[in-house]
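Now for the letters of each chain:
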Amino acid sequence: MDHFTLRDGALHAEDVALDAIADAVGTPVYVYSNATLRHHVQVMRDAVTGLGVGPDGPLIAFAVKANPNGAVLATLAREGLGADVVSGGEIARAVAAGIPPAKMVFSGVGKTADEMRQALAVGVGQFNLESEAEAEMLSVVAVAEGRTAAVAYRINPDVDAGTHAKISTGRSDNKFGIPYAAAPAAYTRAAALPGLHVQGVAVHIGSQLTDLAPLEAAFDRIGALIATLRGAGHAITTADLGGGLGVPYDRSLPAPPSPADYGVMVARATKGWDTRLIFEPGRVIVGNAGALVATVIRLKDGVDSPFVIVDAAMNDLLRPSLYDAWHDIRATRPNGETAAVNVVGPVCESGDTFATARIMDAVAAGDRVAFMTAGAYAAAMASTYNSRPLTPEVLVDGDRWAVVRAREPIEAMIAREQIPDWLV
Ligand SMILES: *Cc1c(COP(=O)(O)O)cnc(C)c1O
C-alpha cells in the first residue's frame, strides 16, 4: 500500500502533484511519502507485537542502509523505531536523527576499531559479531575504553534465500556470520573474553525475499542453536531475526508474503524461545514510500523499440543495473496510450538501462516519468558517476513538502577537490 495515486490525471504523492515538485526542484528528484512510511511502520509493528518476551516488546531496528536520509530517519525515530547500522557514518546519522543508541544494533563484517569505539561511546545496544577475530578486537577495544559491549554472533545458517545472488547472505559460501557448526565453540571463547557480554544470536539471510520457507528454515536452525547454547551455560536473551521481507515491484507478479504472514511464521518458529526478538526491516518500511521523478530528454530510434532517454541514470538508481531489478515506470500525466520502449539514462554505459521492450505509458520529449518503489536501496546507492550531482530528495506530508537533500551544485563538487601545487 502506498500513497502515490493518480488524481485529475496527474500522479500525486499524497496531496502533492509530482510535477509541482519537479517544476520547483528540477529533475531527477526522489520523492518520499511520509504517510506511506508511517503506514509501513504500523503494518510491521502490528505483525510482530506480542512476539518474544520482555517488557518493551520486540525491537524494530530499521536497516539504515536502505534509506539513510535524515528526514526519513527522523520520521522513523518519531515512530519509535530503532536502527540497524553498519558503519560509523550510519551510527552518526541515526544519532543525529534522534534514534536512541540503546535501540541500535551494529551489524557488518568489517567493523573497525574506530567504529567500535564510536559505538561504545554512544552506547549502541548490541553488536552483531561476524567472526571470532572481530570478537577479539571488540574485547580489546572495550577493555581499553572501560566499557562492556553487549554482543550476539550472527549465525550463517547455510540456507539459500532464493533471491538475487548479490543480495543472498545466508549461504555457507557468503562472507556473512560464523558457520553454524562453529557457533558453540565461538560462544564459549567469546564468553571468556573480557569486556564482552554475550547475550544473543542473530541471523539475516538476504533481501527481497519472496518466500518465507527459507527464513523459517533458518529460524528453526537458530532455535535449535539457542537450546544448544543454553545447554552449554550461555544465557541467551535476545534473538535478532534480521530483515529481508520483499516488496511488490511488479504488480503483475504474485505479491510477496505480507508482514502479517511473516509475523504468523515468526510466532510459529520462535515458540518457546523465551528471548526478546529484534527485527531489522529495511526495504519493507521504505521501498514503496519513494519514487524517482525524471524528465524525458528525447526519443531515439532503436532496432526493435525506440529508446526513451530520461535525465535519471544508473548513478541515481543503480538497482536495475546492479540487480537486474524491475521498477514500474509511469508517466506523471498519462495520456491513455501505451508504447513498447527501452528506457535508458544518459550515462556512458550500456548498463544504464532501466527497462527493455517495456510496454508502458506513451511519453514524448519533455514529459515526466516516475520510477516507482524507489524508496529503498535507491538514493542510498546514488553516486556522482559521469559528474552528475547526487539526486535531491523531497519529503511529502499531506499537502506540504520539503527538500530534505538539496541538489549539490557542480561547483561544490569541483571545490571539494584540490589541485596539488605542482600542477598550478
Ligand atoms: C540489509 C540488511 C537488513 C535489511 O534488509 P531488508 O531486505 O532491506 O529488510 C537487515 N539486516 C542486515 C544485517 C542487513 O545487512
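Residues numbered from 1 in each chain as written. Predicted model: local features only at pLDDT ≥ 70, side-chain atom pairs only at ≥ 80, totals over all residues. Heavy atoms only, no water.

## Side note on the layout of surface pockets
If you roll a probe as big as a water molecule over the atoms, it shows you where there is empty space left.
Then, number 1: The calculated volume of the largest pocket comes to roughly 610 Å³.
Then, number 2: Taken together, 35 residues make up the lining of the largest pocket; nearest its centre are Lys 65, Arg 154, Thr 169, Phe 176 and His 204.
Then, number 3: A per-class count over the lining of the largest pocket returns 14 nonpolar, 12 polar and nine charged.
Then, number 4: Shared between two domains, the lining of the largest pocket takes at least three residues from each, and those domains are domain 1 (4-32 + 287-415) and domain 2 (34-283).
Then, number 5: By volume, the second largest pocket amounts to about 350 Å³.
Then, number 6: Gln 208, Thr 210, Val 247, Tyr 249 and Leu 253 are, among the 19 residues lining the second largest pocket, the residues nearest its centre. (1 Å grid on protein atoms, 1.4 Å probe; cavity = no way out; pocket = protein on both sides within 12 Å on 5 of 7 lines; lining within 4 Å. Points joined across faces, edges and corners; volume = space filled by probe spheres on them. Nonpolar A, V, L, I, M, F, W, Y, C, P; charged D, E, K, R; others polar. Domains from an automatic or database assignment.)

## Some remarks on the site of the ligand
Then, number 1: What surrounds the ligand is a group of 14 residues, the closest being Lys 65, Ser 207, Glu 280, Arg 283 and Tyr 377.
Then, number 2: Separating an oxygen atom of the ligand from a side-chain N or O atom of Ser 207 is a distance of 2.3 Å.
Then, number 3: Measuring from an oxygen atom of the ligand, one finds a backbone N or O atom of Arg 283 at 2.8 Å.
Then, number 4: Burial of the ligand by the surrounding chains reaches 93%, relative to a free accessible area of 390 Å².
Then, number 5: Taking a 2 Å distance to the grid points as the criterion, the majority of the atoms of the ligand fall inside the largest pocket.
Then, number 6: Its residues assigned to classes, the shell around the ligand shows three nonpolar, six polar and five charged. (Near = heavy atom within 4 Å. Polar contact = N/O pair within 3.5 Å; in protein donor to acceptor, adjacent residues only side chain to side chain. Areas by Shrake-Rupley, 256 points an atom, 1.4 Å probe, with all protein chains shown as cover. Sits in = over half its atoms within 2 Å of the grid points.)

## Regarding the domain arrangement of the chain
Then, number 1: Under the domain assignment used here, the chain contains domain 1 (4-32 + 287-415) and domain 2 (34-283).
Then, number 2: Listed per partner, the contact involves 23 residues of domain 1 and 24 residues of domain 2.
Then, number 3: A buried area of about 2,100 Å², summed over both sides, lies between domain 1 and domain 2, and 54% of it is on carbon and sulfur atoms.
Then, number 4: Together, Asn 288, Tyr 323 and Tyr 377 form the three largest contributors to the area buried by domain 1 at its contact with domain 2, with a combined 28%.
Then, number 5: Taken together, the connections running from domain 1 to domain 2 amount to one salt bridge.
Then, number 6: For the salt bridge of Arg 38 with Asp 397, the shortest nitrogen-to-oxygen distance reads 3.5 Å.
Then, number 7: Remark: the boundary between domain 1 and domain 2 carries 11 residue pairs in polar contact (both at pLDDT 80 or more).
Then, number 8: Put simply, the parts of the chain that give the side of domain 1 that touches domain 2 at least two residues each are helix H11 (319-323), strand S20 (393-397) and strand S21 (400-405).
Then, number 9: If one sorts the elements of the side of domain 1 that touches domain 2 by residue count, S20 sits on top with four residues.
Then, number 10: Class assignment of the residues belonging to the side of domain 1 that touches domain 2 gives a composition of 11 nonpolar, five polar and seven charged. (Contact = heavy atoms within 4.5 Å. Buried area = accessible area lost by both parts, 1.4 Å probe. Salt bridge = Lys/Arg side-chain N within 4 Å of Asp/Glu carboxyl O. Helix = DSSP H or I, 4+ residues; strand = E, 2+ residues; numbered from the N terminus.)

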